2 protein chains.
Amino acid sequence: MIFRQLFDSVSGTYSYVLASRPGGEALILDPVLEKVDRYCQLLRELDLKLVKAVDTHLHADHVTGLGELRDRTHCMTVMGDQTKADVVAMRVADGDKVTIEGLSLDVMYTPGHTDDSYSYLMGDRVFTGDTLLIRGTGRTDFQNGSSRAQYDSIFNRLLKLPDETMVFPAHDYKGDTVSTIGEEKRYNPRLQVRSVDEYIELMANLKLPNPKMMDVAVPANMHVGLHQEELEKEGRALSAVEAIRVLGRPDILLVDLRETNERMKHGMLEGALHTPYQSVEESLKPGGMLREVAAATGRRVVFFCAFGERSAMAVAAAKDAGLTNTAHIAGGIDAWKKAGGPVVQ
Amino acid sequence: MIFRQLFDSVSGTYSYVLASRPGGEALILDPVLEKVDRYCQLLRELDLKLVKAVDTHLHADHVTGLGELRDRTHCMTVMGDQTKADVVAMRVADGDKVTIEGLSLDVMYTPGHTDDSYSYLMGDRVFTGDTLLIRGTGRTDFQNGSSRAQYDSIFNRLLKLPDETMVFPAHDYKGDTVSTIGEEKRYNPRLQVRSVDEYIELMANLKLPNPKMMDVAVPANMHVGLHQEELEKEGRALSAVEAIRVLGRPDILLVDLRETNERMKHGMLEGALHTPYQSVEESLKPGGMLREVAAATGRRVVFFCAFGERSAMAVAAAKDAGLTNTAHIAGGIDAWKKAGGPVVQ
């Protein structure tokens, strides 16, 4: 396995590049905007294809690299259901899995630092974001933070993991790079409390100044979505209402870019083919399935996904591959359902 | 195995704590003085006994934690043969091994950054000090640095290791934590040269300012040896000449604290018992071998080692254990041999 912990010394942020093999797919956790050049260089050097960029939560102390990485690599952006980010390619909830080739991360909803804070468990490693830090915990005094929720996330979720589980947080300010659940249980000074009320009191008395970057980072991180003006101008974006109207028309080929678990969870569109976004580029090449089906049927390919990001990128990829008779459903299944569109389970 | 990479953000130094198991012996590489509290806390928390503190070379950018760690934990300090540090407990040379319980590091002499620069290989990890950095190399323009020697150390030693060997340097300034030999071979910009002369020219044109800490760090790091004034005042330090005079006397029990490989390499004293320094504390406890032998024979225990540090600490440990009729040979076997003392191989 390839595992790289990368440090941004300005914000004290740890980012993580994960992959199962050289030449394979990669995932990055909590990337920092200013380090995107370095990530891209490293990905090239390790011969990795970035397919997912995940933020554990909406950060207040640095601008996320999610949008920039998506724009450069066409990877999917991933955050939790509760995030206030405008658009990400995939939203996850407790119990979901985030997978790439050869690797699978269990999604744990661990609110408290913010109400969109998640942790990701991969075997004997847990990526705890700002929920559990090394000998510390993330502050809970803004962004719908809750020390009560954090107590529950830490004591009833994270600390229930095996003692030897390695803890990789999103930040460290004192030079530690890793800890274990067992160590934090015993030696994290904030966790030596006897009750949730004691923890709440402890957290209420920290009186920390706001992060320096907060006024810049939070708004920037809330506007991470892909810019789609071009697609609209080109008439390649169907609104959900327009899409509902063309459902079932014989000249339209609906292509679902979501992963199996998303389709099972949120429902499918009648008559749609499916190919996960990660394979769409391959499928659009000469000899690729999608290219052949589009050519054989002569139908207009209409991509859709969860929120319209993957499908917008697929339209662009199709154009690059010489397929111009394509469009996508703006806002994805999410908008479709909100507009009253029918789904099948 | 326990493996901890620790960062000092002031000097950009990576230190490494290694151990084979919780509750066992530990070794630390390139500790920083200002972080000694943190190291000691972590060692306590992980239930580790620090037995060796190793500097890859005499650092010019931070004050070493070697002396402070020795004073606090009674560990052995270790550096290379060529070091200009006044006294360390053990000096190593190319081909030696540095061992602790359950772990063994191969010593590689890799001069260039300084003439006392060493790398340490442990399985698929190599600790490269300032010889090979991630996408860089250590400067060669002071402390008897030599870009010619460094070229040889890197190209003919380090880069001959398997491509997948993980590279853990003593510094990083850009947020990387680890690399591999294969990556550095291909992507380290300083290593894309066609000849040693090209490398020498490249290094000659860096024109770097001296490290900020240099005027403080170098003198401090050269005076890392244990203060032994007390022992001398108490009459517990025999000079080499005095020691040679008492060799063979029936009221003297010579105890060699060196490790087997040191004894084989540098010679032994006729009639001396031996117990490695790491076990001396145990041996001094009630029921311990050394305590029993001293009591049974009534002889004065005279400890000795390589340079007199371990033996000085053993005298102190004996005093703590209630054995007061002890002394040591100041300067160790090194001083003994320089004074013309006889050794047996």
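Residues numbered from 1 in each chain as written. Chains lettered and ligands numbered in written order. Predicted model: local features only at pLDDT ≥ 70, side-chain atom pairs only at ≥ 80, totals over all residues. Heavy atoms only, no water.

Visitor: How should I be thinking about the overall build of chain A in this particular structure?
Guide: Assigned secondary structure in chain A consists of 13 helices and 19 strands. The C-alpha atoms of chain A give 21 Å as radius of gyration, which agrees with the globular expectation for 345 residues (20 Å, within 12%). Considered along the principal axes of its C-alpha atoms, chain A spans approximately 65 × 45 × 35 Å. Across the 345 residues in chain A, those meeting the buried criterion constitute 58%. Across chain A, the fraction of contacts at a sequence separation of at least 24, relative to all contacts at a separation of at least 6, is 66%. (Helix = DSSP H or I, 4+ residues; strand = E, 2+ residues; numbered from the N terminus. Rg over C-alpha atoms; globule rule 2.2 N^0.38 Å. Buried < 20%, exposed > 50% of the residue type's maximum accessible area, 1.4 Å probe, protein only. Contact = heavy atoms within 4.5 Å.)

Visitor: Looking at this structure, how should I read the packing of helix H1 (residues 36-45) of chain A against helix H2 (residues 66-73) of chain A?
Guide: In helix packing, the relevant descriptors are the interaxial angle and the interaxial distance, both defined with respect to the helix axes. Residues and elements named next belong to chain A. It is at 10 Å that the axes of H1 and H2 come closest, and there the two elements cross at 40°. Comparing their axes, H2 and H1 come out oblique. As H1 packs across H2, the resulting crossing turns out to be right-handed. Residues Val36, Asp37, Tyr39 and Cys40 of H1 lie in contact with H2, whose contacting residues are Glu68, Leu69, Arg72 and Thr73. A breakdown of the residues in the contact of H1 with H2 according to their chemical character gives four nonpolar, one polar and three charged. (Axes fitted to C-alpha atoms, helices over the stretch in contact; angles between N-to-C directions. Parallel < 35°, antiparallel > 145°, perpendicular 65-115°, else oblique. Left-handed = near helix turned anticlockwise from the far one by under 90°. Nonpolar A, V, L, I, M, F, W, Y, C, P; charged D, E, K, R; others polar.)

Visitor: Explain the packing of aromatic side chains to me, please; I cannot follow it from the model alone.
Guide: One pass over the full model with this rule turns up 23 aromatic pairs over all chains. Taken together, a centroid distance of 4.9 Å and an interplanar angle of 45° make the contact between phenylalanine 7 of chain A and tyrosine 14 of chain A tilted. Taken individually, phenylalanine 7 of chain A and tyrosine 14 of chain A each receive the classification buried, so the pair is uniform in this respect. In textbook terms, an aromatic cluster arises when at least three aromatic residues are bridged by ring pairs, as seen for Phe3, Phe7, Tyr14, Tyr16, Phe127 and Phe168 of chain A together with Phe3, Phe7, Tyr14, Tyr16, Phe127 and Phe168 of chain B. Taking NZ or CZ as reference, arginine 91 of chain B lies 5.4 Å from the ring centre of phenylalanine 307 of chain B, over its face. (Phe/Tyr/Trp six-rings, centres within 6.5 Å; stacked < 30°, edge-to-face > 60°. Lys NZ or Arg CZ within 6 Å of the ring centre and 35° of its normal.)

Visitor: Can you help me understand the layout of surface pockets in this one?
Guide: A water-sized probe rolled over the atoms picks out the places where empty space is left. Put simply, the largest pocket is a space of about 1200 Å³. What lines the largest pocket is a set of 46 residues, and nearest its centre among them are Phe3 and Arg125 of chain A together with Phe3, Arg125 and Met166 of chain B. Those elements giving two or more residues to the lining of the largest pocket turn out to be strand S1 (2-8), strand S13 (166-169), strand S14 (179-180) and helix H4 (181-187) of chain A together with strand S1 (2-8), strand S13 (166-169), strand S14 (179-180) and helix H4 (181-187) of chain B. The residue inventory of the lining of the largest pocket, partitioned by class, reads 16 nonpolar, twelve polar and 18 charged. (1 Å grid on protein atoms, 1.4 Å probe; cavity = no way out; pocket = protein on both sides within 12 Å on 5 of 7 lines; lining within 4 Å. Points joined across faces, edges and corners; volume = space filled by probe spheres on them.)

Visitor: Would you explain unusual backbone geometry in this entry?
Guide: Residues apart from glycine generally show negative phi values, whereas peptide bonds are mostly found in trans. Within the chain, histidine 74 of chain A stands out as a residue other than glycine whose phi angle is a positive 60°. With respect to the secondary-structure elements, histidine 74 of chain A resides in the loop between H2 and strand S5 (76-80).

That's the geometry; what it means functionally is another story.
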